[in-house]
Amino acid sequence: MTSAKEARIYTQADKDGQFRRQNAFFRDTISADHPVFKPDSGRYLLYVNTGCPWANRTILVRNLLKLQDHVDITYLAPILSPDGWYWDGKDGADERDPIWGHHLIRDVYHSVEPSYDLRYTVPVLLDKQTKRIVSNESSEIIRMLYTFPSADSKLDLYPLAMRSDIDALNEWIYNDINNGVYKTGFAASQAVYDEHVRTLFRALDRLEALLSSDGRQYLLGSELTEADVRLYPTIARFDISYHYAFRCNLRKVSDYPALQAWFKRLYAQHEFRSATHFDQIKVGYTMAAAKGGWDTQTDRPIVPAGPVLDL
Ligand SMILES: N[C@@H](CCC(=O)N[C@@H](CS)C(=O)NCC(=O)O)C(=O)O
C-alpha cells in the first residue's frame, strides 16, 4: 500500500495516464546587468545528484567551461526517498546541505520559500549571498553558466550563428527524447504508453539519420554544442535504465551505429565520463520505476513494445 506521503512524492501520471512535467518555479537569472544576481566567482551553489539527467546537464556544463573553482556543487544521493532527495554521505554524496545543514532538499526549498509546496526537484542553483534560489530549471541554469567571466571562453556551446539550429534541435529532442522517456516510463495506461514509445523511437530514428547523413561528429557538425550536451544525459541512461525500467525497449542505443558512435565519442572525454556514474543511475531508476511507474497507479500492467525478436 502506498501511503499518502509516498503518493505525493512518487505519483507521476495524471488521472488520464499522462505524465506532465511541472514547470519550474524559480526562474530568475544571472547576468552582469541583473540588479542582484551577478556572475561572481564563488557566489553560487548547485544542488545535484548523479542520477538525474537534468542535473547532469548542469554538471557537464560546469565541467566543460572549467567552472569547478567558481561555482560550488553539492551532491545528494541518487535515490528518491519518500521524503524526496536527501544527503547521506555515501558513494560521493555529501553528508549534509553545506548552507543550513539540512538532510533533505525539501528543507532547502522551505528555508528559501516557506510556502513552497510544488515538487522538490534537482538541480537547484542557490545564491549563497542572499540565500535565494536563482533557478531550478536546468535549461536556464546552463545558459547562466555561459555568462560567467571565469568560464573557459574557448568553448562556446551556444554560438550566435547557430542559435536557431540549436533551439530547433532542442525542442524536438526535449519533447520526444529527454522528456519522451519519462512520458513513456511514467505512462499509466497502455494507450498512453503505446503513443509515447512510438514517438520516442521515431525520434531516435531521426537522430540516427541526422548523425549518419554526412559523417558529422556532433549533432550540428564538427563542433560540440549545447544540443549535444542536452542529449547526452538521456543517451547515457538509455540502455542501462530506460530500456528496462521505463519499457523503452523497441531498440537500444547500441542498435543505432551512428548514435552509439556519437555516445562513445562524448563518453571518451573526461568532462563527460567523470560526470557519468552508471551504477548510481541504475539504482536511481530501478527505484523510480518501482515506485513511480504504472505499478503503484494501476492494477493493469503495461505490455512493453519490445524487445522485437529477430527470427
Ligand atoms: N525542469 C526541471 C526538471 C527537474 C526534475 O524533474 N528533476 C527530477 C530528478 S531527475 C526531480 O528532482 N524529481 C523529483 C520529484 O519530481 O519529486 C529541470 O530541467 O531542471
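Residues numbered from 1 in each chain as written. Predicted model: local features only at pLDDT ≥ 70, side-chain atom pairs only at ≥ 80, totals over all residues. Heavy atoms only, no water.

Colleague: Whenever I open this one, the domain arrangement of the protein confuses me. Can you help?
Modeller: Many authors give the size of an interface as the accessible area that is lost as the parts come together. Split into domains, the protein comes out as domain 1 (4-146) and domain 2 (162-292). Here domain 1 and domain 2 have C-alpha centroids that lie 22 Å from each other. Facing 30 residues of domain 1, the contacting portion of domain 2 comprises 35 residues. For the pair domain 1 and domain 2, the two sides together bury roughly 2,800 Å², of which 58% comes from carbon and sulfur. Scanning the region where domain 1 abuts domain 2 turns up three salt bridges. In this structure, the salt-bridge partner of Glu 226 is Arg 143, at a minimum N-O distance of 2.8 Å. (Domains from an automatic or database assignment. Contact = heavy atoms within 4.5 Å. Buried area = accessible area lost by both parts, 1.4 Å probe. Salt bridge = Lys/Arg side-chain N within 4 Å of Asp/Glu carboxyl O.)

Colleague: Which parts of the structure should I look at to understand the site of the ligand?
Modeller: Near the ligand lie 13 residues; those nearest to it are Arg 21, Cys 52, Arg 119, Glu 137 and Ser 138. Between the ligand and Arg 21, the relevant distance is 2.8 Å, taken from an oxygen atom to a side-chain nitrogen or oxygen of the residue. Relative to its unbound accessible area of 510 Å², the ligand is 90% covered by the protein chains. Along the lines of polarity and charge, the residues of the shell around the ligand split into seven nonpolar, three polar and three charged. (Near = heavy atom within 4 Å. Polar contact = N/O pair within 3.5 Å; in protein donor to acceptor, adjacent residues only side chain to side chain. Areas by Shrake-Rupley, 256 points an atom, 1.4 Å probe, with all protein chains shown as cover. Nonpolar A, V, L, I, M, F, W, Y, C, P; charged D, E, K, R; others polar.)

Colleague: In this structure, what is going on with helix α8 (residues 226-245)? I would like to understand it.
Modeller: Given 3.6 residues to a turn, an α-helix orients residues that are three or four positions apart in the same direction. For α8, spanning 20 residues, the distance from its first C-alpha to its last is 27 Å, which sits close to the expected 28 Å at 1.5 Å a residue. Bending of α8 peaks at approximately 75° at the position of Phe 238. Taking burial as the measure, the 20 residues of α8 include 17 buried ones, the bulk of the element. Phi turns positive one or two residues past the end of α8, at Arg 247, with a value near 55°. (Helix = DSSP H or I, 4+ residues; strand = E, 2+ residues; numbered from the N terminus. Expected span 1.5 Å × (residues − 1). Bend = angle between axes of the 7 residues up to and from the residue. Buried < 20%, exposed > 50% of the residue type's maximum accessible area, 1.4 Å probe, protein only.)

Colleague: Would you explain the UniProt feature "binding site: glutathione" (unreviewed entry) in the protein in this entry?
Modeller: Within this numbering scheme, the UniProt entry marks Trp 85, Arg 119, Tyr 120, Thr 121, Val 122, Glu 137 and Ser 138 as carrying the feature "binding site: glutathione" (unreviewed entry). When sequence neighbours within four positions are dropped, the list of residues in contact with Thr 121 reads Trp 85, Tyr 109 and Asn 136. Relative to the helices and strands, Ser 138 resides in helix α4 (residues 138-146). Ser 138 sits in the buried class, given a relative accessible area of 4%. If sequence neighbours within four positions are ignored, Ser 138 has contacts with Trp 54, Arg 57, Thr 58 and Pro 123. (UniProt positions renumbered as here; feature names shortened; annotations may be inferred.)

Colleague: Whenever I open this one, the packing of aromatic side chains confuses me. Can you help?
Modeller: For any pair of aromatic rings, geometry is given as the distance between the ring centres together with the angle between the planes. Tallied over the entire structure, the rule returns 27 aromatic pairs. Ring geometry for Phe 201 versus Phe 238: centroids 5.9 Å apart, planes at 85°, classification edge-to-face. Here Phe 201, found in helix α7 (residues 190-212), pairs with Phe 238, found in helix α8; they are 37 residues apart in sequence, far enough to count as distant. Ring plane angle 40° and centroid distance 5.5 Å describe the contact between Tyr 267 and Phe 278, whose orientation is recorded as tilted. (Phe/Tyr/Trp six-rings, centres within 6.5 Å; stacked < 30°, edge-to-face > 60°.)

Colleague: I would appreciate a short explanation of the UniProt feature "domain: GST C-terminal" (unreviewed entry) in the protein in the present structure.
Modeller: On the UniProt side, "domain: GST C-terminal" (unreviewed entry) is annotated at positions that read residues 159-285 here. Annotated as 69% helix and 0% strand, the span residues 159-285 places its first and last C-alpha atoms 34 Å apart.

Colleague: Can you help me understand the nonpolar core in this one?
Modeller: If you look at soluble globular proteins, the nonpolar side chains tend to sit buried side by side. Counting 89 residues, the largest nonpolar core has Ile 105 and Trp 262 as its most contacted members. Taken together, domain 1 (4-146) and domain 2 (162-292) each give at least three residues to this core, which thus spans both. Sequence-distant contacts of Trp 262, defined by excluding residues within four places in its chain, comprise Leu 211, Gln 217, Tyr 218, Leu 219, Asp 228, Leu 231, Tyr 232 and Ile 235. (Core = buried A, V, L, I, M, F, W, Y, C linked by side-chain atoms within 4.5 Å.)

Colleague: Could you clarify how one ought to interpret unusual backbone geometry in this entry?
Modeller: Residues apart from glycine generally show negative phi values, whereas peptide bonds are mostly found in trans. For the peptide bond that leads from Val 122 to Pro 123, omega is 0°, which places it in the cis range. Pro 307 follows Gly 306 through a cis peptide bond whose omega is -5°. By the element assignment, Pro 307 lies in the segment after α11 (278-292). We note that Arg 247 has phi near 55°; this positive angle belongs to a residue other than glycine. Mapped onto the elements of the fold, Arg 247 is located in the loop between α8 and α9 (257-267).

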